[in-house]
Every structure is written in structure tokens, then in C-alpha cells.
Amino acid sequence: MKDGYKILLGAVAAACVSVTSHALVNPGLIARLNADARAALDANGGRRVGVSFTSGGGWLTRHPSLSTGRRLSDGERARLARIVAALDGIGATWWRRAPGLAAEKAQAATAAPLPPDHCQNGVDALLKVRTIRFASASAGIDPASNALLDEVAAALKPCGGSVVEIAGHTDAQGDPAANGALSEDRAYAVRDALITRGMPPSQLVARGYGAERPLAGLRPDDPANRRIEFSVVATEPLRPTPIDTPVAR
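Looking at an unreviewed UniProt entry, the protein chain carries the name OmpA family protein, with the source organism given as Novosphingobium tardum. Per UniProt, the comment on the protein chain under Subcellular location (unreviewed entry) is "Cell outer membrane".

Colleague: Would you mind going over the overall build of the protein chain with me for this structure?
Modeller: Scanning the protein chain from terminus to terminus reveals six helices and six strands. Going from the N terminus to the C terminus, the protein chain shows its helices and strands as α-α-β-β-α-β-α-α-β-α-β-β. The proportion of buried residues among the 249 residues of the protein chain is 38%. In the protein chain, once contacts between residues fewer than 6 apart in sequence are set aside, the share between residues at least 24 apart is 71%. Of the roughly 13,300 Å² of accessible surface on the protein chain, 57% is carried by carbon and sulfur atoms.

Colleague: Would you explain the state of the cysteines in this entry?
Modeller: Linking two cysteines covalently via their sulfur atoms produces the bond known as a disulfide. According to the stated counting rule, one finds one disulfide in the structure shown. Through a disulfide, Cys119 is tied to Cys159; the S-S separation comes to 2.1 Å. Looking down the S-S bond of the Cys119 and Cys159 bridge, the torsion is 100°, so its handedness is right-handed. Pair noted here: Cys119 is in helix H4 (residues 116-127) and Cys159 is in the loop between helix H5 (146-156) and strand S4 (163-169), with a separation of 40 residues, a long-range link. Here the two residues Cys119 and Cys159 agree in accessibility, since each one is buried.

Colleague: Quick question: what am I supposed to make of the sheet that holds strand S2 (residues 60-67) here?
Modeller: What links the strands of a sheet is backbone hydrogen bonding, and the strands pair in either a parallel or an antiparallel sense. As summarised here, the arrangement of the three strands in space is S1-S2-S3, forming an open sheet in which the pairing is mixed. Both outer strands of the open sheet, strand S1 (50-54) and strand S3 (94-95), are each paired with one neighbouring strand and no more. In this fold helix H3 (residues 74-85) packs onto S2 and S3, with an angle of close to 155° to the strand it touches most, S2.

Colleague: Sorry if this is basic, but what is going on with the packing of aromatic side chains here?
Modeller: Counting across every chain of the model gives zero aromatic pairs. Above the ring of Trp95, the side-chain terminus of Arg77 is found at 4.5 Å from the ring centroid. The ring of Tyr209 carries the charged tip of Arg213 above its face, separated from the ring centre by 3.9 Å.

Colleague: Which parts of the structure should I look at to understand the confidence of the model for the protein chain?
Modeller: Reading predicted coordinates in detail is not appropriate for stretches of low pLDDT. Mean pLDDT over the protein chain stands at 78; residues scoring 70 or higher make up 76%. Ignoring residues within four places in sequence, the model shows residues 99-111, a span with pLDDT below 50, making 30 contacts including any to other chains. Confidence drops under pLDDT 50 across residues 237-249; counting only partners more than four residues distant or on other chains, this segment forms six contacts.

Colleague: Hey, could you run me through the environment of Ser162 in this one?
Modeller: Tracing the sequence through the fold places Ser162 in the loop between H5 and S4. For the pair Ser162 and Pro116, spaced 46 residues apart in sequence, the C-alpha separation works out to 6.6 Å.

Colleague: Help me out: how do you make sense of the side chain of Ser65 in this one?
Modeller: In this structure, Ser65 sits in strand S2. By relative accessible area, which is 4% here, Ser65 ends up buried. When residues no more than four places from it in sequence are discounted, the contact partners of Ser65 are Gly50, Val51, Ser52, Trp94 and Arg96.

Colleague: Help me understand the nonpolar core, please; the structure alone is not making it clear to me.
Modeller: A general feature of soluble globular proteins is that nonpolar side chains tend to end up buried together. Ile132, Val152, Leu156, Ile166, Val190, Leu194 and Phe230 are the most contacted members of the largest nonpolar core, which has 26 residues in total. Listing elements by their share of this core, those giving two or more residues are H4, H5, S4, helix H6 (176-196), strand S5 (204-208) and strand S6 (227-234). In terms of residue count, the dominant contributor to this core is H5 (six residues). If we ignore the near neighbours within four places in the chain, the residues touching Leu194 are Leu149, Val152, Ala153, Leu156, Ile166, Met199, Leu204 and Phe230.

Colleague: Help me understand the pairing of S5, please; the structure alone is not making it clear to me.
Modeller: Consecutive side chains of a regular strand alternate in pointing toward one face of the sheet and then the other. Bridge analysis of S4 against S5 gives five bridges, and the strand direction is parallel. Of the residues in S5, the one forming a bridge with Glu165 is Val205. Between the parallel elements S4 and S5, the chain passes through H6 in a crossover that is right-handed.

Colleague: What's the story with the packing of H5 against H6 in this structure? I'm lost.
Modeller: In helix packing, the relevant descriptors are the interaxial angle and the interaxial distance, both defined with respect to the helix axes. Across the interface, H5 lies against H6 with an axial gap of 10 Å and an inter-helix angle of 70°. Overall, the two elements H5 and H6 adopt an arrangement that is roughly perpendicular. In this structure, H5 contributes Leu149, Val152, Ala153 and Leu156 to the contact, and H6 contributes Val190, Ala193 and Leu194. Of the residues in the contact of H5 with H6, the class split is seven nonpolar, no polar and no charged.

Cut-off values and rules
Residues numbered from 1 in each chain as written. Predicted model: local features only at pLDDT ≥ 70, side-chain atom pairs only at ≥ 80, totals over all residues. Heavy atoms only, no water. UniProt positions renumbered as here; feature names shortened; annotations may be inferred. Helix = DSSP H or I, 4+ residues; strand = E, 2+ residues; numbered from the N terminus. Buried < 20%, exposed > 50% of the residue type's maximum accessible area, 1.4 Å probe, protein only. Contact = heavy atoms within 4.5 Å. Areas by Shrake-Rupley, 256 points an atom, 1.4 Å probe, with all protein chains shown as cover. Disulfide = S-S within 2.5 Å. Pairing = 2+ DSSP bridges. Axes fitted to C-alpha atoms, helices over the stretch in contact; angles between N-to-C directions. Phe/Tyr/Trp six-rings, centres within 6.5 Å; stacked < 30°, edge-to-face > 60°. Lys NZ or Arg CZ within 6 Å of the ring centre and 35° of its normal. pLDDT = per-residue confidence, 0-100. Core = buried A, V, L, I, M, F, W, Y, C linked by side-chain atoms within 4.5 Å. Right-handed = clockwise from strand over helix to strand, strands pointing away. Parallel < 35°, antiparallel > 145°, perpendicular 65-115°, else oblique. Nonpolar A, V, L, I, M, F, W, Y, C, P; charged D, E, K, R; others polar.

Dropping the structure here:
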């Protein structure tokens, strides 16, 4: 296939992904979700609770944040967050820290975290139509992926206490050792990006698998194997093992 055709096909594929992604978070959908969330909160004792479907980067998102100037118990926060998250079309729901209320938790699920599959389903839905992109042969995250990382962080926050594995993968082209190192560097770059978005470092584990785990149905050298995957793998914080703990000298 000539290079011109390859470029054209790549542009068409990118446009399709962009259109599909926009359809998932278009303003009409967000307006409906906002109205549904507002009605649910008003009907369940949350009239003074604000709800926002805008990410920290200013992008529309299906993963809303809640906020209030009132002092609410962790249990009440968790109850209201669950009510909103259960609405059709809404993903994971989390709480913003209210200014001046430093003693309150930022997340609704501190005392009663949501189950891991809730956050797993949320992040999987995001990655079905979008990909975290990097500069060629580099661990530098493409700025165009910042909005997606905002949403990934929002999807993972409600499952506080869970451990999330960030797995980097490459295709089989090139040197296996270099691929392994690149996949690990990219996983750590995503981990750092999520930490800057408020994720606890102890909740995130980065691993690089190189080309060891190609996607089902693809040849190992297919570029589509280059990806980042997330697995919500536990509901308890990591504890150091004897191997992880430095020995006194």
C-alpha cells in the first residue's frame, strides 16, 4: 500500500475515533445526565449538593464530581454518590474537597468504597474508543491525552483503597529488552500523571510487559498491541513483603 493511502486511512480512522468519543460525551448527553443527577439529589436529601460533569481540564465527562459547603459524614457522602452513579449513562462519581473544610475527605467512598468492578467498568468504557497516546518511541504522554487521563482518574477515585495495576504493552517490533523498558517507562509516566490528578501513590502499581501479552486475534508485531491497560486488582492497600522491605545493614 502506498504511503499516501496509509496516511489517508490513518486520518479516517482517527476521525472515526474522534467522532465516536465525542458522541459519548456530547453536550446534549451531558445536559440530560446533569438534569437526571440534579433531580436524584434533590429527591434524596442532596438539594445543597453541587454536581459537575466537567473534568479538571475543562472537558465534558460522564464521571461527575459532587461538592458541598456542608459538613457531611462519610456515610452520607457515599450514599449520595451511589445514588448518582446508579443513574443510566453516568460513570464513577466522586467528591471534590470543599474549600475551608480541610478535615473532610475528598472522596465519597472513604468509609464505604465502591467495589472494584465499578471502577473497572468505568475505565474500560473510556478506553474502548480512546487511547492514551505517547510521542514516538518515547514515554512522553501526548498532550492530547490529558482529557482522557482526567476521566480515567475520575473513574478510579471512587474505589478508594483498591490497588490499580497500570500495564504498559508494546508490539513485537524491535529489540525485546528495549520494548520491555519502554512499556515500563510508559506505565510509570501514566502513574505519575494520575498522581498529579489526586490519585494516592500507594494505590497505583506500574508494570511493563513489552510484547509478552498481545491482544487476542492480533499478530505480536501488530502496532495495535501498543497500549496502556488498567486492572483494579485488590480492595486493600499494598503492604510491603520481606522482599520489598529493605534489610537493616
